[in-house]
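# Chains, contacts and geometry: an overview
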Amino acid sequence: MIIMDKSINVLSQLFAIILATCYIELIATANGLEPLADNEKISLVMPDIRPDHGEQYLCIAHRVKRDSMGQFIVGFNPKGNTQHVHHMLMYGCQRPGIFQRDSPNFVWDCSGMHASSQTSDDAAGSLTVGTSFEEGPICQDDSRQEILYGWALDAPALKLPDGVGFKIGGLDSGIEFLVLQVHYGHYDAFQKLPSLTDNSGLVLDVRENNELSGITRRAGVLLLVSLGYVPQGLSKHEIWCELEDDIEIHP
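From a predicted model like this one, the values you see are computed outputs, not experimental measurements. (Residues numbered from 1 in each chain as written. Predicted model: local features only at pLDDT ≥ 70, side-chain atom pairs only at ≥ 80, totals over all residues. Heavy atoms only, no water.)

### Structural notes on the nonpolar core
In this structure, Met-46, Ile-73, Met-90, Leu-148, Leu-178, Tyr-184 and Leu-204 are the most contacted members of the largest nonpolar core, which totals 32 residues. Of the residues forming this core, the biggest block, 4 residues, is contributed by strand 11 (residues 177-184). With residues near it in sequence (within four places) discarded, Leu-178 still touches Leu-44, Ile-60, Ala-61, His-62, Val-64, Ile-73, Met-90, Tyr-91, Leu-148, Ile-168 and Leu-204. Within the second largest apolar cluster, 15 residues are counted, among which are Ala-61, Phe-106, Cys-139 and Val-179. (Core = buried A, V, L, I, M, F, W, Y, C linked by side-chain atoms within 4.5 Å. Buried < 20%, exposed > 50% of the residue type's maximum accessible area, 1.4 Å probe, protein only. Helix = DSSP H or I, 4+ residues; strand = E, 2+ residues; numbered from the N terminus. Contact = heavy atoms within 4.5 Å.)

If you want it as structure tokens, here you go:
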């Protein structure tokens, strides 16, 4: 009888927890607040590589999930070392500069921003003089290309505001691949240590695009390019442009 009483007590507590959970979700739904889905992780890092020379740009690609709804990036967790890396940029592309279907960790030299690209899935780019990496652009020449994130100077992780995310995949984002470009501006560290390798990159917090995502606004990067220069002794340079699109922006 004592064992039965304990079992009944445990079942009662479990039943109470289930009721409490359902009650909380009912309150959230009644107030128009759906319980948020858990974030997934996408790891986009260099696979322990060594640059061949200073000021080299290396790229690696990741194919996003292929479905009709897509996903949202809600956080960027950088993994970089300023002793090796000058900066990192992450791009969204329809097609990466070089794509090898059977080599998901394939790294190519994307130092030449406008290098000619190949069109087939398993196309091999040309070899850069003095390097062991194949050469290609960041994204295919006829592909959509946009900057989604930039990192430098040991910047901390970036978490987007609640309800905001970068749309990737799906039918309307135009982004089927993420491409990480790493600028190795400090080659002397690799020269001093022949065994030194680098695995800099990003770990992304990603949320599915569904009724539990909580995403109501799409994030974007406004890139302003100027042909001017900052004279010596000054630290300010103004640049502006006129937006012609009829959209509402929240800086």
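Now that the structure is up, let's keep going.
### Thoughts on the layout of surface pockets
Volume-wise, the largest pocket comes out at about 730 Å³. Forming the walls of the largest pocket are 24 residues, and the residues nearest its centre are Arg-218, Ala-219, Gly-220, Ile-249 and His-250. With 4 residues, the single largest contributor to the lining of the largest pocket is strand 8 (residues 145-152). Residues that form the lining of the largest pocket fall into these classes: 16 nonpolar, 3 polar and 5 charged. Size it by volume and the second largest pocket reaches roughly 250 Å³. Those elements that place two or more of their residues in the lining of the second largest pocket are strand 1 (40-45) and strand 2 (56-63). The dominant element in the lining of the second largest pocket, judged by the number of residues it contributes, is strand 2, at 4 residues. Looking at the lining of the second largest pocket residue by residue, the classes come out as 10 nonpolar, 5 polar and 2 charged. (1 Å grid on protein atoms, 1.4 Å probe; cavity = no way out; pocket = protein on both sides within 12 Å on 5 of 7 lines; lining within 4 Å. Points joined across faces, edges and corners; volume = space filled by probe spheres on them. Nonpolar A, V, L, I, M, F, W, Y, C, P; charged D, E, K, R; others polar.)

### Comments concerning the state of the cysteines
Considering all chains together, one arrives at 2 disulfides under this definition. Paired through a disulfide, Cys-59 and Cys-110 show a sulfur-sulfur distance of 2.1 Å. Across the disulfide from Cys-59 to Cys-110, rotation about the S-S bond amounts to roughly 90°, and the bridge is consequently right-handed. Remark: Cys-110 occurs in the loop between strand 5 (107-109) and strand 6 (126-127) and Cys-59 occurs in strand 2; sequence separation between them is 51 residues. Just as Cys-59 is buried, Cys-110 falls in that class too. A sulfur-sulfur distance of 1.7 Å marks the disulfide that ties Cys-93 to Cys-139. Classification of the bridge connecting Cys-93 and Cys-139 rests on its S-S torsion, roughly -45°, and on that basis the disulfide is left-handed. Of this pair, Cys-93 sits in strand 4 (residues 87-93) while Cys-139 sits in the loop between strand 7 (134-135) and strand 8, placing them 46 residues apart in sequence. When sorted by exposure, Cys-93 lands in the same class as Cys-139, which is buried. Numbered by position along the chain, the disulfide-linked cysteines of the protein connect as 1-3, 2-4. (Disulfide = S-S within 2.5 Å.)

### Side note on the pairing of strand 12 (residues 201-208)
Counted residue by residue, strand 12 has 7 buried out of 8 residues, so it is predominantly covered. As judged from the 6 bridges shared by strand 1 and strand 12, these two strands associate in the antiparallel manner. Of the residues in strand 12, the one forming a bridge with Lys-41 is Asp-205. As paired strands, strand 3 (residues 71-79) and strand 12 are joined by 8 bridges and run antiparallel to one another. For Phe-76, the partnering residue across the bridge sits in strand 12 and is Leu-204. (Pairing = 2+ DSSP bridges.)

### Quick notes on the side chain of His-87
Topologically, His-87 is positioned in strand 4. There is a polar contact of 2.9 Å between the side chain of His-87 and the side chain of His-86. Excluding residues that lie within four positions of it along the chain, His-87 makes contacts with Tyr-57, Trp-151, Ala-152, Gln-181, Val-182 and His-183. (Polar contact = N/O pair within 3.5 Å; in protein donor to acceptor, adjacent residues only side chain to side chain.)

### Side note on the environment of Trp-151
With respect to the secondary-structure elements, Trp-151 resides in strand 8. Separated by 71 residues in the primary sequence, Trp-151 and Gly-80 place their C-alpha atoms 8.5 Å from one another. When sequence neighbours within four positions are dropped, the list of residues in contact with Trp-151 reads Pro-78, Gly-80, Asn-81, Thr-82, Val-85, His-87 and Met-88. Polar contacts involving the side chain of Trp-151 include one to the main-chain carbonyl oxygen of Ala-155, which spans 3.0 Å.

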